[in-house]
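These are the residues of each chain, in order.
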Number of protein chains: 4
Amino acid sequence: MTKLKDVKKVVLAYSGGLDTSIILKWLQTELGAEVVTFTADLGQGEELEPARRKAEMMGIKDIRIVDLREEFVKDFVFPMFRANALYEGTYLLGTSIARPLISKHLVQIAEETGADAVAHGATGKGNDQVRFELSAYALNPDIKVIAPWRDWSFKSRTDLIEFAEKHQIPVPKDKQGEAPFSVDANLLHSSSEGKVLEDPWVEPPEYVHQRSVSPLDAPDAATEIEIEFLKGDAVALNGKKLSPATLLAALNDLGRDNGIGRIDLVENRFVGMKSRGVYETPGGTILIAAHRAIESITLDRGAGHLKDELMPRYAELIYNGFWYSPEREMLQALIDKSQEDVEGTVRLKLYKGNVIVTGRKSAKSLYRDDLVTFEDDRGAYDQKDAEGFIRLNALRLRTLAARRRNTR
Amino acid sequence: MTKLKDVKKVVLAYSGGLDTSIILKWLQTELGAEVVTFTADLGQGEELEPARRKAEMMGIKDIRIVDLREEFVKDFVFPMFRANALYEGTYLLGTSIARPLISKHLVQIAEETGADAVAHGATGKGNDQVRFELSAYALNPDIKVIAPWRDWSFKSRTDLIEFAEKHQIPVPKDKQGEAPFSVDANLLHSSSEGKVLEDPWVEPPEYVHQRSVSPLDAPDAATEIEIEFLKGDAVALNGKKLSPATLLAALNDLGRDNGIGRIDLVENRFVGMKSRGVYETPGGTILIAAHRAIESITLDRGAGHLKDELMPRYAELIYNGFWYSPEREMLQALIDKSQEDVEGTVRLKLYKGNVIVTGRKSAKSLYRDDLVTFEDDRGAYDQKDAEGFIRLNALRLRTLAARRRNTR
Amino acid sequence: MTKLKDVKKVVLAYSGGLDTSIILKWLQTELGAEVVTFTADLGQGEELEPARRKAEMMGIKDIRIVDLREEFVKDFVFPMFRANALYEGTYLLGTSIARPLISKHLVQIAEETGADAVAHGATGKGNDQVRFELSAYALNPDIKVIAPWRDWSFKSRTDLIEFAEKHQIPVPKDKQGEAPFSVDANLLHSSSEGKVLEDPWVEPPEYVHQRSVSPLDAPDAATEIEIEFLKGDAVALNGKKLSPATLLAALNDLGRDNGIGRIDLVENRFVGMKSRGVYETPGGTILIAAHRAIESITLDRGAGHLKDELMPRYAELIYNGFWYSPEREMLQALIDKSQEDVEGTVRLKLYKGNVIVTGRKSAKSLYRDDLVTFEDDRGAYDQKDAEGFIRLNALRLRTLAARRRNTR
Amino acid sequence: MTKLKDVKKVVLAYSGGLDTSIILKWLQTELGAEVVTFTADLGQGEELEPARRKAEMMGIKDIRIVDLREEFVKDFVFPMFRANALYEGTYLLGTSIARPLISKHLVQIAEETGADAVAHGATGKGNDQVRFELSAYALNPDIKVIAPWRDWSFKSRTDLIEFAEKHQIPVPKDKQGEAPFSVDANLLHSSSEGKVLEDPWVEPPEYVHQRSVSPLDAPDAATEIEIEFLKGDAVALNGKKLSPATLLAALNDLGRDNGIGRIDLVENRFVGMKSRGVYETPGGTILIAAHRAIESITLDRGAGHLKDELMPRYAELIYNGFWYSPEREMLQALIDKSQEDVEGTVRLKLYKGNVIVTGRKSAKSLYRDDLVTFEDDRGAYDQKDAEGFIRLNALRLRTLAARRRNTR
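Source: prediction; values computed, not measured.

Student: Sorry if this is basic, but what is going on with the packing of aromatic side chains here?
Tutor: Centre distance and the angle of the planes are the two values used to describe a pair of aromatic rings. Taken as a whole, this structure holds 42 aromatic pairs over all chains when the rule is applied. Among the aromatic side chains, those forming a connected cluster through ring pairs are F270(A), F322(A), F389(B), F270(C), F322(C) and F389(D). Sitting over the face of the ring of W323(A), R328(A) holds its NZ or CZ atom 3.5 Å from the ring centroid. Positioned above the aromatic ring of Y137(A) is the side chain of R398(B), whose terminal nitrogen or guanidinium carbon lies 5.3 Å from the ring centre.

Student: Would you mind showing me how to read the interface of chain C and chain B here?
Tutor: Size of an interface, as often reported, equals the accessible area lost when the parts are brought together. Counting residues at the interface gives 23 residues for chain C and 23 residues for chain B. Roughly 2000 Å² is buried in total at the junction of chain C and chain B, and carbon and sulfur atoms are behind 72% of that figure. Counting across the interface, chain C meets chain B through 2 salt bridges. Linking R313(C) and E309(B) is a salt bridge whose minimum nitrogen-to-oxygen distance equals 2.5 Å. Elements supplying a minimum of two residues to the side of chain C that touches chain B: α10 (301-320), α11 (326-338) and α13 (383-407) of chain C. Taken together, the residues of the side of chain C that touches chain B break down into 12 nonpolar, 3 polar and 8 charged.

Student: Would you explain the pairing of strand β1 (residues 9-13) of chain D in this entry?
Tutor: Look at any regular strand and the pattern is simple: side chains alternate between the two faces of the sheet. Residue and element names in this part refer to chain D. When you tally the buried positions in β1, you get 5 out of 5 residues, the bulk of the element. Side chains K9, V11 and A13 project from β1 onto one buried face, and the interleaved V10 and L12 project onto a second face that is buried too. With 5 bridges joining them, β1 and strand β2 (residues 34-41) adopt parallel strand pairing. Its bridge partner being in β2, A13 is matched across the sheet by F38. Pairing analysis gives 3 bridges linking β1 to strand β4 (residues 117-119), with the strands arranged parallel. Across the sheet, V11 pairs through a bridge with V118, a residue of β4.

Student: I'm lost on the sheet that holds strand β4 (residues 117-119) of chain A in this one. Help?
Tutor: Two modes of strand pairing occur in sheets, parallel and antiparallel, and in both the strands are linked by backbone hydrogen bonds. All names here are of chain A. Reading across from one edge, β3-β2-β1-β4-β5 is the order of the 5 strands in this open sheet, with parallel pairing throughout. Lying at the two open borders of the sheet, with one neighbouring strand each, are β3 (63-67) and β5 (144-146). Geometrically, the sheet is characterised by an average inter-axis angle of 25 degrees between neighbouring strands, direction not taken into account. Where helix α1 (residues 18-29) meets the sheet, it contacts β1 (9-13), β2 (34-41), β4 and β5, and its direction lies at approximately 175 degrees from that of β1.

Student: What am I meant to see in the side chain of S325(A) here?
Tutor: Residues and elements named next belong to chain A. Looking at the element boundaries, S325 is found in the loop between α10 (301-320) and α11 (326-338). From its side chain, S325 meets the backbone oxygen of F322 in a polar contact 2.7 Å long. Of note is the side chain of S325, whose polar atom sits 3.2 Å from the backbone nitrogen of R328.

Student: How do you make sense of the domain arrangement of chain A when you look at a structure like this?
Tutor: According to the domain assignment, chain A contains domain 1 (9-74 + 95-175), domain 2 (182-299 + 341-361) and domain 3 (372-407). With centres defined by C-alpha atoms, the gap from domain 1 of chain A to domain 3 of chain A works out at 62 Å.

Student: Where do I start with the pattern of salt bridges in this structure?
Tutor: Pairs can form between side chains of opposite charge once their charged atoms are near each other. What the rule picks out here adds up to 152 salt bridges over all chains. R405(C) is the salt-bridge partner of E111(D), the closest N and O atoms lying 3.3 Å from each other. Here the residue E111(D) occupies a position in helix α4 (residues 99-113), and R405(C) occupies one in helix α13, the pair thus bridging two chains. Classification of E111(D) by relative accessible area gives partly exposed; the value is 44%.

Student: When you look at the interface of chain A and chain B in this model, what are you seeing that I'm missing?
Tutor: Across the boundary between the two partners, chain A contributes 108 residues, which contact 108 residues of chain B. Taking both sides of the interface into account, the surface hidden between chain A and chain B amounts to around 9700 Å²; carbon and sulfur atoms contribute 54%. Linking chain A with chain B are 12 salt bridges. For D264(A), the salt bridge identified is with R360(B), shortest N-O distance 3.1 Å. Ranked by residue count, the leading element in the side of chain A that touches chain B is helix α13 (residues 383-407) of chain A, at 17 residues. Looking at the side of chain A that touches chain B residue by residue, the classes come out as 43 nonpolar, 21 polar and 44 charged.

Student: Explanation requested: the pairing of strand β9 (residues 233-237) of chain C in the structure shown.
Tutor: All names here are of chain C. Counting buried positions along β9 gives 4 out of 5 residues, so the element sits mostly inside the fold. The pairing of strand β8 (residues 223-230) with β9 spans 4 bridges and is antiparallel. Bridge pairing in β9 links F229 to A234. The turn joining β8 and β9, which pair antiparallel and follow one another in sequence, is formed by 2 residues; a positive phi near 50 degrees is taken by K231. Bridge count for β9 against strand β10 (residues 240-241) is 2 bridges, and the pairing is antiparallel. Residue pairing across strands places L237 opposite K240, the latter belonging to β10.

Student: Where do I start with unusual backbone geometry in this structure?
Tutor: Working note: non-glycine residues mostly have negative phi, and peptide bonds are mostly trans. Phi angles above zero are rare outside glycine, and L93(C) is one such case at about 65 degrees. Structurally, L93(C) is set in the loop between α3 (69-82) and α4 (99-113). Within the chain, K231(D) stands out as a residue other than glycine whose phi angle is a positive 50 degrees. In this structure, K231(D) sits in the loop between β8 (223-230) and β9 (233-237).

Student: Sorry if this is basic, but what is going on with the relation of the copies chain C and chain B here?
Tutor: Note that the two copies of the chain are related through a rotation about an axis and a translation along the same axis. Mapping chain C onto chain B calls for a rotation angle of 180 degrees and an axial translation of 0.0 Å; the resulting RMSD is 0.1 Å. What the superposition gives is, in effect, a two-fold axis relating one chain to the other. Every residue of chain C has its C-alpha some distance from the rotation axis, and the shortest such distance is that of L334(C), at 2.5 Å. A shared binding surface is used by both copies, with 100% of the interface residues of chain C retained as interface residues in chain B.

Student: Where do I start with the sheet that holds strand β9 (residues 233-237) of chain A in this structure?
Tutor: Residues and elements named next belong to chain A. Across the sheet, 5 strands lie side by side as β10-β9-β8-β13-β14; this open sheet has antiparallel pairing. With partners counted over all chains shown, the strands left at the sheet margins are β10 (240-241) and β14 (354-361), one partner each. Taken strand by strand, helix α8 (residues 244-257) contacts β8 (223-230), β9 and β13 (344-351), and its axis lies near 70 degrees from that of β9.

Student: Any chance you could explain the relation of the copies chain A and chain B here in plain terms?
Tutor: Screw-axis analysis of chain A against chain B gives a translation of 0.0 Å along the axis, an RMSD of 0.0 Å, and a rotation angle of 180 degrees. Most of the interface of chain A is mirrored in chain B, where 100% of its interface residues are also at the interface.

Student: Got a minute to help me understand the side chain of N252(C) in this structure?
Tutor: Mapped onto the elements of the fold, N252(C) is located in helix α8 (residues 244-257). Once residues within four sequence positions are removed from consideration, N252(C) is found in contact with L187(C), R211(C), P282(C), G283(C) and G284(C).

Student: Please clarify how the UniProt feature "domain: Arginosuccinate synthase-like N-terminal" (unreviewed entry) in chain A should be interpreted in this entry.
Tutor: On the UniProt side, "domain: Arginosuccinate synthase-like N-terminal" (unreviewed entry) is annotated at positions that read residues 9-170 of chain A here. Taken end to end, residues 9-170 of chain A has its terminal C-alpha atoms 24 Å apart, with 47% of it in helix and 15% in strand.

The rules behind each value
Residues numbered from 1 in each chain as written. Chains lettered and ligands numbered in written order. Predicted model: local features only at pLDDT ≥ 70, side-chain atom pairs only at ≥ 80, totals over all residues. Heavy atoms only, no water. Phe/Tyr/Trp six-rings, centres within 6.5 Å; stacked < 30°, edge-to-face > 60°. Lys NZ or Arg CZ within 6 Å of the ring centre and 35° of its normal. Contact = heavy atoms within 4.5 Å. Buried area = accessible area lost by both parts, 1.4 Å probe. Salt bridge = Lys/Arg side-chain N within 4 Å of Asp/Glu carboxyl O. Helix = DSSP H or I, 4+ residues; strand = E, 2+ residues; numbered from the N terminus. Nonpolar A, V, L, I, M, F, W, Y, C, P; charged D, E, K, R; others polar. Buried < 20%, exposed > 50% of the residue type's maximum accessible area, 1.4 Å probe, protein only. Pairing = 2+ DSSP bridges. Axes fitted to C-alpha atoms, helices over the stretch in contact; angles between N-to-C directions. Polar contact = N/O pair within 3.5 Å; in protein donor to acceptor, adjacent residues only side chain to side chain. Domains from an automatic or database assignment. Least-squares fit on C-alpha atoms with pLDDT ≥ 70 in both. UniProt positions renumbered as here; feature names shortened; annotations may be inferred.

So, in structure tokens, the structure goes:
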């Protein structure tokens, strides 16, 4: 805490909710710091004007509310999807990928406004604190980062509510106890964690889900769509060019209606423990299937396999908060290099939780039916070549087998 | 072909179908070789007695028909599933994993019977020739391998049929032309390739599917099941201990009925071209989801991430035919080491193509709710530790940021 | 510090030197803890009896002095050398590999003696604290670890000396100021860091080196030796079977005399900063060259390349202190699997800093002069096979080239 | 051979030596093809004018002799050295890296001159045929490649000599039998293989070495040099800016005189067998040590470790002939991204086979003595942070240890 004594001005990642309102007040009263609020529209689906009014009510002079949806999808989500990134084989990194963007703006605003610190509302047990802070430090080595959940002396929910009431922060009735689970949301996904989800043997109640119908409640007929790609990024839906954020929003609608993109998992946090989460990524789940499908005809095997082998590392870096690290940037350079000819159209059926690829085509296709055909290929491929190919690939294995035979 | 001149006795992987019957006759007439037939029950779901009768009719003295289902699942499928192996992110390697087992028996029978060669019916364009032959050479460095599809002089289907008729090999009417697609099947999967599937933009017709109902035709209610694991392998279904093959067969039934495990993909063959396949792996699709789920609570992060990074390499080795290679065996040693405590129970819902994990529990669970809880954790985790953790992880990033600042 | 209040009994890694003597006294006086001293002979080349006398003088009842040289080499150094482990391409991990062994014994003694804590003398800036503590926690989740350099309130060397004098700890004259550099030593290596070495542009003075002559001062004639391996471990030198520690000691003598194994490097510490060190690993430098040489004729390419790709990760784990982690153990299982047939003899010349491999032979050799010869190979290799091998390897590259041509 | 019937015009990689002269004549007489000769100066240290005269004598109209030294070093050697590429831990890839450049020019000349084929003089057992041909196919999917050593009917050296004499190709006396070993040379290295080197237990005779003195014969005093880097490439030697080829040539002189860069190894060829080679890479051996040294102070840990892990793969690609492959280009993009700030000066001592780094400095240095110092660091690093860092890194290990304890 001593390190916080000298803080004069703080940029706070402010949602307008109860917790960050308490933090705002705490920064003012306990640290005596001037606060600039920063509220980002990442497509979380909430009104942001209430955040402005609350900040005004608490005397904030410099209130920043910014629509980051296009930047979010274009510069963060899409580059990540070029890698087909999945953390631990399943998680599409919906929360992880938003954090560096928020930190980027916190640091920029700090530099513009002469603030010496940034503050966030993530707890001391989770990954988000790490992601916020690593990003902030990577962008400004001298910035101070305030994480009130780690730093303040409140011991319980009751303490917090008491502080809020003392400082005239309105406490909605349903926030007086703790929520039955904790949520995060942006244009890519919603997550739910904690409380009713803490026992990994217990099935998540339906009400936990925030942005998708259950596969069981989805329509009985399949919805067919086409997604067009250019340089590895989705650029059009059903023949219509759309901006990155607009396209992802449209896929979210389609996914939501068809019960797509729910997962229930136990994951390994960077801070060392396992946690259980329920994630909904309707549009992203469609997108990754479509991206793999367009890659399947336009990406060379050597390129694809190298990407696949490096993907878990890349996903881990994003999960752990190392978006702004040289190694993530190096991997991005490698991935982006592979995407130059990843273009064309994928057709999919969406049906009750299923994303079914039914076709893919491309002017840059590497699929050659003259090679693969069971019919006469008119000399495109000489089957005799296979014998030499196999024999030389086998040579070392035969040498090993001969050794085994000779030395046993 | 000269290398084939001296062949005296051949063990042929014989299905009893038209193509391997032609091969059998060709080995007898063109090579003048004595033929031993080997027909394996891998759970392909066909009667094998007709193969015996046909072989007898063609004068074969030594006919081997062997039930390999338990060996297949126990020693090949299950070790592979411990790795969560997926080729190119999607393919469960159902054909690939059966080939080395067949070669193992071909070579064993050759050694028992004094045969100097083995023969298979795979074509010169596919992966299976590579898998058969690499395995055979790895097990016996001196074995000869005959691949008639590469070696004979038939130019067309008509030539084949003519040869068959000349040699009194019965040609079923529907085999007189070529099949509309080519199939392979075993207890793990069915594959369909070629012909009507050759244009990757065209949706596969429903009749291509062999062992699963369409998700659209599956029951309207979910089926809940529980799978129990020990050392990474499934050992019980719904509380009942089952042998490996029996368990996989039961999962296949469940998957088939619920429209689970269909994929339609374009993959990269080892011999250098892309091909399009439709695969059905109903039981395997359930199994991999369940295995990942039990790992999620029993496998340490370091272990799990290392496995995830090596999985694509491991899958590629199996796909390419390198089951019997030192590097596959080294990776297997690594993977098996990780599975010692992978045990417990997973509950899943099967519903119209979806495999939904709804719970997992284990006596060896590493999930600790005292660490992760939003409630008071009674000192299990000190949030202050996070600050030091982050600051040291950030140190090199801050040093980089300072350099950028100082040298721009 | 509060966490240390309840400590009753501590096992201290005690060298007998000034610093750990001060720590011993500090544990007694400031913590009021009973202290058990543990002094390991790791081949650091110091008399250990003085440590006993000093501990006795400070009233220690339970003094443990243990010769760990064989355990060190057999269970730590040799397994690591099977991997050809080099951190950042150059460092043979001489300090890193000793730490988990010390922690293992600290924890064992704690369990035997009912101590609730262990203590070490590593500073808060280095890697050793991490290695000691991760190992201790991995072996006993409830152990307390005391790191006085992080925990006490001394601000300067003067404070330390004052404390020592106050408590009648004899301070050798040359220790009254700080040493011109800091050292660590064991049977594998000596390291020197800090002070006169802090500027990485300044050449290390000759007097920094502790266990090797300069290449410039080494004999003018080469020394020829032969090392024999079994299962990847060195077992004999010049035809004489030697125990692991004895063999390494003999290689150290040979290396020392011939100016072998000095390196001067800047490395990346796990705690986030770069540091400069001068390391001497005379015997290890000979050993790694010899091991690579015996592998070169006995290890299959697939096995060797997989090992090479995983080596940096393995080395990083040891460097960072994760010897007792599932992922290191998994990698070890993979590596050990590869070493089953790594046996035979390597001949080397040692000359003024050079380790020159001049021959290698093995009953398990995979080198076949019938394959490689420029002379007639009597059919061992059919050069025609190469054409098919190349053409199928080229197929995807030609497909890419055709796309480039067709779409530009 | 049938495929060669239609060849009209061939570009031959022509050294002017006996073997490629025989090939030239064979192409003319047996194939009836028009031949264009291409002779590249890659710094192999031979006069090229004799090649012109010989080609003229054999009636060649279109003779291309090109100095590729700068292109070789700038576009092939230097990019490879940015990766610190070592094949199998030891080989600097001196032959491998030259082949794609030769193929590039062969294909270009074929396109300029309307030739339909290229030809090379590599045998059917080695790696060079693969490298030449993969590169050619990757650059022109329709090119034909002629490899006379695989295609012609000569059975022995005697046949060759007879053919030469019949066609008035002068046969130097010492070429009438076969050479005692086979050589390749360019600005980066010389290699010697075969014959007297075929037994890997026998020490290479001194006369095998072509471009370096023995360490035993090198000067008794060390030579000190400084190399300056920019963006990962060497740009100056002893303060003097030099072009890539000039700089490498100067390092070769320094290395040669000081007995630097000899290795004697057994390597794994891509075609499946092991072979023994003696390589001399005097300048390259200095360069890689210097490059690692400048990286050690300018490259971030995350970047460096990622490079180190990918290096073996990158080296294998070059060794196997996949320079012109998407995966090599992707890795190059990753590597080049890392080199942006790799600049500064390295000081080295060269002494009887040793390359001793004695200092490194850079305006972009990430080495911070304020962090690492044993002296008071004035708050740059808070040792308390280490505790949290260690405790969170240990958390999963402690959870594992608790499980072991609770379930045993």
